[in-house]
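# Summary of the model geometry
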Amino acid sequence: MGIFDGLMGNATQHDKEAIEKKLADVLVPGEKVSLAFKLVRDLIVFTDFRLILVDKQGVTGKKVEYKSIPYHSISRFSVETSGHFDLDAELEIWISSAELPAETLQFRKDKNIVAVQKALAAALIK
């Protein structure tokens, strides 16, 4: 069901070691991946030090944007679960004292948004 979940926009948990190999050029020496989720073509990666959002762009996905958000700069986040008529769940992340969220991630009917918010909460509490 993993492929079907990915096509439907549901986040699926990914192997940490495989993600570390994919992000070898992005990770600093000694930085380890704690948890990773794949959302269609994109990745949400929790490391020892930061949250990395990998956004594959274009038709081929060859162009990639890496957003690095240190945990200490995240001031708050919110999670909105899906409902009967609104099928999308949403995670919003605010940086420092910004009025608007710096990042908004959408999930479709996704149970893993709970796991993503737990991982984010755990990283911010450390």
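Residues numbered from 1 in each chain as written. Predicted model: local features only at pLDDT ≥ 70, side-chain atom pairs only at ≥ 80, totals over all residues. Heavy atoms only, no water.

### Some thoughts on helix 3 (residues 112-125)
Helix length check: helix 3 (14 residues) gives 20 Å between terminal C-alpha atoms against 20 Å at 1.5 Å per residue, within 8%. Within the sequence span of helix 3, burial applies to Ile113, Val116, Ala119, Leu120 and Ala123. Taken end-on, helix 3 shows its buried residues confined to a sector of 125 degrees, consistent with a single buried face. In helix 3, the exposed positions angled more than 90 degrees off the buried face are occupied by Lys118 and Ile125. (Helix = DSSP H or I, 4+ residues; strand = E, 2+ residues; numbered from the N terminus. Expected span 1.5 Å × (residues − 1). Buried < 20%, exposed > 50% of the residue type's maximum accessible area, 1.4 Å probe, protein only. Arc of directions from axis to C-beta.)

### Considerations on the nonpolar core
Judged by nonpolar contacts, the single largest core of 20 residues is most densely connected at Ile44, Phe46, Leu51, Leu91, Phe107 and Leu120. For this core, the secondary structure elements donating two or more residues are strand 2 (33-39), strand 3 (42-47), strand 4 (50-57), strand 7 (88-95), strand 8 (103-108) and helix 3. It is helix 3 that provides the largest number of residues to this core, a total of five residues. Counting residues in hydrophobic clusters, the runner-up holds nine residues, among them Leu23, Leu27, Val45 and Val54. (Core = buried A, V, L, I, M, F, W, Y, C linked by side-chain atoms within 4.5 Å.)

### Details of the pattern of salt bridges
As a working rule, side chains carrying opposite charge can pair if their charged atoms are close by. All chains considered together, the criterion is met by two salt bridges. Residue Arg50 pairs with Glu31 through a salt bridge whose shortest N-O separation is 2.8 Å. Remark: Glu31 occurs in the loop between helix 2 (16-22) and strand 2 and Arg50 occurs in strand 4; sequence separation between them is 19 residues. For Arg50, a relative accessible area of 13% corresponds to the buried category. A salt bridge links Lys67 to Glu103, with the shortest nitrogen-to-oxygen separation between them at 2.9 Å. Taken together, the residues Lys67 in strand 5 (residues 63-70) and Glu103 in strand 8 connect sequence positions 36 residues apart. Residue classification places Glu103 among the buried residues on the basis of a relative accessible area of 13%. (Salt bridge = Lys/Arg side-chain N within 4 Å of Asp/Glu carboxyl O.)

### Here we look at the confidence of the model for the protein
Within the protein, residue pLDDT values average 82, and 84% of them lie at 70 or more. Mean pLDDT in the protein bottoms out at helix 1 (residues 2-7), which sits at 38, and peaks at strand 5, which reaches 93. Contacts for the low-pLDDT stretch residues 1-9, under 50 throughout, to residues beyond four places or in other chains number nine contacts. (pLDDT = per-residue confidence, 0-100. Contact = heavy atoms within 4.5 Å.)

### Section: the side chain of Ser73
If you trace the backbone, Ser73 turns up in the loop between strand 5 and strand 6 (74-80). Aside from chain neighbours lying at most four places away, what touches Ser73 is Trp94, Ile95 and Ser96.

### What to know about the environment of Lys56
Its place among the elements puts Lys56 in strand 4. Exposure remark for Lys56: the relative accessible area of 34% places this residue in the partly exposed category. Placed 16 residues apart in sequence, Lys56 and Val40 show a C-alpha to C-alpha distance of 9.6 Å. Excluding residues within four positions of it along the chain, Lys56 makes contact with Arg41, Asp42, Gly61, Lys63 and Val64.

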